[in-house]
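# Observations on the model geometry
Listed here are the chains, written in short residue letters.
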Amino acid sequence: MTSRPLPRSVVGLALLLPALIFLVVFLVLPSVILLSYGVLTQSQGGDISLPLTMGSYERLVVSETYRRVVLLTLRVALVTSLFTALLAYPAAMVIAYGKPIFSRITMILVVAPLVVSVIVRTYGWQLMLNNSPTGVLNWMLHALGTGPTPVRVLYTEWATVIASVHVFLPLMVLPLSASLGRINPSLNEAARILGAPAWRAFLRVTLPLSLPGLVAGVTIVFSLTAGSYVTPQMLGGTRGLMLGVLLEQQINTSFDWPMAAAIAGVMVVIALAANVGVGWLAERHALVRAQRSGAR
Amino acid sequence: MVATAQASDLAFSGLTKLFGTTRAVDGVTLRIAAGEMVALLGPSGCGKTTTLRMIAGLIEPTEGDVLIGGMRITRTPVHRRNIGMLFQNYALFPHLSVAENVAFGLQMRGMRKALIKPKVAQALSLVQLGALADRLPSALSGGQQQRVALARAIVIEPTLLLLDEPLGALDRNLRDSMQVEIRQIQQRLGITAVMVTHDQEEALTMADRVVIMRDGKLEQVGTPEEIYSRPTSRFVASFIGTCNFLRGDVIGQEAGRPQVRLAAGGQIALPSPANDQKEVLVSVRPEAISLSAEERGTPATILQIVYRGQATHVHMALDDGTPFLAFLPNRDGKPVRSAFSTGDRIWASWSPDSNWAVSEA
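Residues numbered from 1 in each chain as written. Chains lettered and ligands numbered in written order. Predicted model: local features only at pLDDT ≥ 70, side-chain atom pairs only at ≥ 80, totals over all residues. Heavy atoms only, no water.

This part takes up the overall build of chain A. Across its full length, chain A carries 13 helices and 2 strands. Each principal axis of the C-alpha distribution contributes one length, and for chain A these read about 85 × 75 × 50 Å. Sequence separation of 24 or more characterises 68% of the internal contacts of chain A that already satisfy a separation of 6 or more. Chain A carries 19 positive and 8 negative side-chain charges, and their two centres are separated by 19 Å. (Helix = DSSP H or I, 4+ residues; strand = E, 2+ residues; numbered from the N terminus. Contact = heavy atoms within 4.5 Å. Lys, Arg positive; Asp, Glu negative; His and termini not counted. Charge placed at Lys NZ, Arg CZ, Asp CG, Glu CD.)

Next up on the list: the pattern of salt bridges. All names here are of chain B. This structure, assessed with the given rule, holds 20 salt bridges over all chains. Arg 209 is paired through a salt bridge with Glu 36; the nearest N and O atoms lie 2.5 Å apart. Here Glu 36 lies in the loop between β2 (22-32) and β3 (37-41) and Arg 209 lies in strand β9 (residues 209-214), a separation of 173 residues in the sequence. The class for Arg 209 is partly exposed, based on a relative accessible area of 21%. A salt bridge links Arg 175 to Asp 199; the nearest nitrogen and oxygen atoms lie 3.8 Å apart. Taken together, the residues Arg 175 in helix α5 (residues 172-189) and Asp 199 in the loop between β8 (192-197) and α6 (200-206) connect sequence positions 24 residues apart. Residue classification places Arg 175 among the buried residues on the basis of a relative accessible area of 16%. (Salt bridge = Lys/Arg side-chain N within 4 Å of Asp/Glu carboxyl O. Buried < 20%, exposed > 50% of the residue type's maximum accessible area, 1.4 Å probe, protein only.)

Here we take up the interface of chain A and chain B. In this complex, chain A contributes 23 residues to the contact, which on the side of chain B involves 28 residues. Across the chain A/chain B interface, buried area totals approximately 2400 Å², and carbon plus sulfur atoms make up 61% of it. Counting across the interface, chain A meets chain B through 1 salt bridge. The residue Arg 53 of chain B makes a salt bridge to Glu 189 of chain A at a minimum N-O spacing of 2.6 Å. In this assembly, chain A and chain B are joined by 7 residue pairs in polar contact (both at pLDDT 80 or more). For the side of chain A that touches chain B, the secondary-structure elements that each account for two or more residues are α8 (185-193), α9 (198-209) and α13 (257-293) of chain A. Looking at which element gives the most residues to the side of chain A that touches chain B, the answer is α8 of chain A, with 7 residues. (Buried area = accessible area lost by both parts, 1.4 Å probe. Polar contact = N/O pair within 3.5 Å; in protein donor to acceptor, adjacent residues only side chain to side chain.)

Turning next to the confidence of the model for chain B. This prediction gives chain B a mean pLDDT of 89; 96% of its residues lie at or above 70. Under a pLDDT of 50 for its full length, residues 1-5 of chain B has, in the predicted model, 16 contacts with residues more than four places off or in other chains. (pLDDT = per-residue confidence, 0-100.)

Turning our attention to the packing of aromatic side chains. Residues and elements named next belong to chain A. For the structure on display, the rule yields 6 aromatic pairs over all chains. Between the aromatic rings of Phe 22 and Phe 26, the centroid separation amounts to 5.1 Å while the plane-to-plane angle is 45 degrees, which identifies the pairing as tilted. You can see Phe 22 and its partner Phe 26 sitting in helix α1 (residues 8-37), 4 residues apart, about one turn around the helix. Here Phe 22 falls in the exposed class, since its relative accessible area comes to 51%. A relative accessible area of 57% places Phe 26 in the exposed class. (Phe/Tyr/Trp six-rings, centres within 6.5 Å; stacked < 30°, edge-to-face > 60°.)

So, about unusual backbone geometry. All names here are of chain B. Positive phi outside glycine occurs at Glu 165, with the angle close to 45 degrees. With respect to the secondary-structure elements, Glu 165 resides in the loop between β7 (160-164) and α5. With a phi close to 50 degrees, Asp 215 is a non-glycine residue in the positive phi region.

Moving on to the packing of helix α3 (residues 64-97) of chain A against α9 of chain A. All names here are of chain A. Direction vectors running N to C along α3 and α9 enclose 70 degrees, while the axes themselves pass 14 Å from each other. Of the possible angle classes, the one that applies to α3 and α9 is roughly perpendicular. Mapping the contact onto sequence places Tyr 89, Met 93 and Tyr 97 in α3 and Phe 202, Thr 206 and Leu 207 in α9. (Axes fitted to C-alpha atoms, helices over the stretch in contact; angles between N-to-C directions. Parallel < 35°, antiparallel > 145°, perpendicular 65-115°, else oblique.)

In this section: the domain arrangement of chain B. Residues and elements named next belong to chain B. Considered domain by domain, chain B is made up of domain 1 (10-234) and domain 2 (242-358). Distance between the C-alpha centres of domain 1 and domain 2: 39 Å. With 8 residues of domain 1 at the contact, the number on the domain 2 side is 10 residues. The largest per-residue losses of area from domain 1 upon contact with domain 2 belong to Tyr 228, Arg 230 and Arg 234, which jointly make up 73% of the total buried on that side. At the boundary of domain 1 with domain 2, the tally comes to 0 salt bridges. Remark: the boundary between domain 1 and domain 2 carries 3 residue pairs in polar contact (both at pLDDT 80 or more). Broken down by element, the residue count for the side of domain 1 that touches domain 2 peaks at 3 residues, all from helix α7 (residues 224-229). Each residue belonging to the side of domain 1 that touches domain 2 can be placed in one class, and the counts come to 3 nonpolar, 3 polar and 2 charged. (Domains from an automatic or database assignment. Nonpolar A, V, L, I, M, F, W, Y, C, P; charged D, E, K, R; others polar.)

This is the structure:
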């Protein structure tokens, strides 16, 4: 008997099925359960059940302490994205336009932090930013003669920002350099010949044309920073308390699972909003231009 | 009129560019008169593009100087040179509308908005694109895009217009009409212009003078007529158009004209005295030749006959094996093919004025 080939859709589904089952069992289902905890009630005994309530979410917004953590998380993510973008542009331009040897070296230097374990890297930053005069930063500042008072960076949000910029820089540089590399080099030359000094050519031509890479980079860096745990846990201290750390405290210290679930819900929303929001902003910008110029 | 640029002359002296140890441009000295259009022509790697980019300021010369209107601009940064440039890929800003592209150079000069608007409109109407001012470049055809680039280049009233293979990306018919259009605008505005091309027809059509470059040096400079009919070397003669080359010895003078006995048999006269040399290389353009079945001129054997529309190309071999080519016009609708056929023994003749002695290299 000759076997007839199966329809393509059946084959496709069969190929997809193992991964699909894995994801449903170990990602979708737990996520749904966890998020549902956020709107359920925890009894004195610790059982989580009905009735439905928005109490946990309400506390997150109403409570001064919790609200401050949400805002600080957003602020750290935003500031980190901003500094990462500023640092990433020069590096990405060297990678995109530099001589092959410089391009290669810069790429290796930029990617290097990713190959070091997050724990090791963070301990390193603890040594660097230590608030005592023996911390590397303070020791260097002292050697440069900036006065006797040690700078207090460790256990503040700034320590988290610095370490996050360090580790997330490659995630900004890579999409940016790809985006820059796609820009026709004669556009910059045309701008220069038309009378633009280098910086104006960058602002009017290179920057707007590299927006897709910037959008991708900012989205990634913002989401990852807002959702990070190890870095704020080890460097941020209580003054730099972020949502990830707060969530861990709710589970391990307060045993308040509905609250932890609500925090997780907020973090998911922040990540989604960053992904959708930044892309939407950039697209709207492009759309407005296209409509105004009447191009089809 | 958009730009009444005060026309300036352009000069290079000893312009040289080394890439590593390669002399991409090697001591080029040339003067281009105000309002003149000069085409730099040559095979790829001859240094023509490097020369253009040094004029623009995109590459710094290793040695030598560029002077515009007698002023040395060799060290002037790109954005202060007041140059208009057309690129092969148009280089329009894809995120700016046609009008914004044209306005760019004026904005960089700090011109007020109220003044920019009419200037942009004038420039666009000069290239007949006024109706498309609000489009994005991607919504335009290649020819329209290059016209926008032209408007963008001339609206700043440049002292110099540079064209880097501006029509290379266009198809043939459009290229022909754009050649005429760009040339007309350049002449009307009286802008000094330098064009780089590897298309010999484009150079002959558009330029007042053609500069043939080879290995970073100037090979020959002259009007299109001079370059075509009075080439100095075998290189120039074969780069511009198609050419037959005949070897021979000068055997004497007759009526002031040197007589040359061809290695392939037959004898021809040179139109002007050859410089004392005994052995000469004579170039003859294929369109100067007529063929006959009568025994008159130089004998040849037909190898192939190719119909090419306006002319029929007859490929022949002379008796010593030298390849020989004649372009016969298809004039009376009477195909040349019917008069001759492959393998025929035939006699080629031409006017002595078509002979031109060239150097070997």
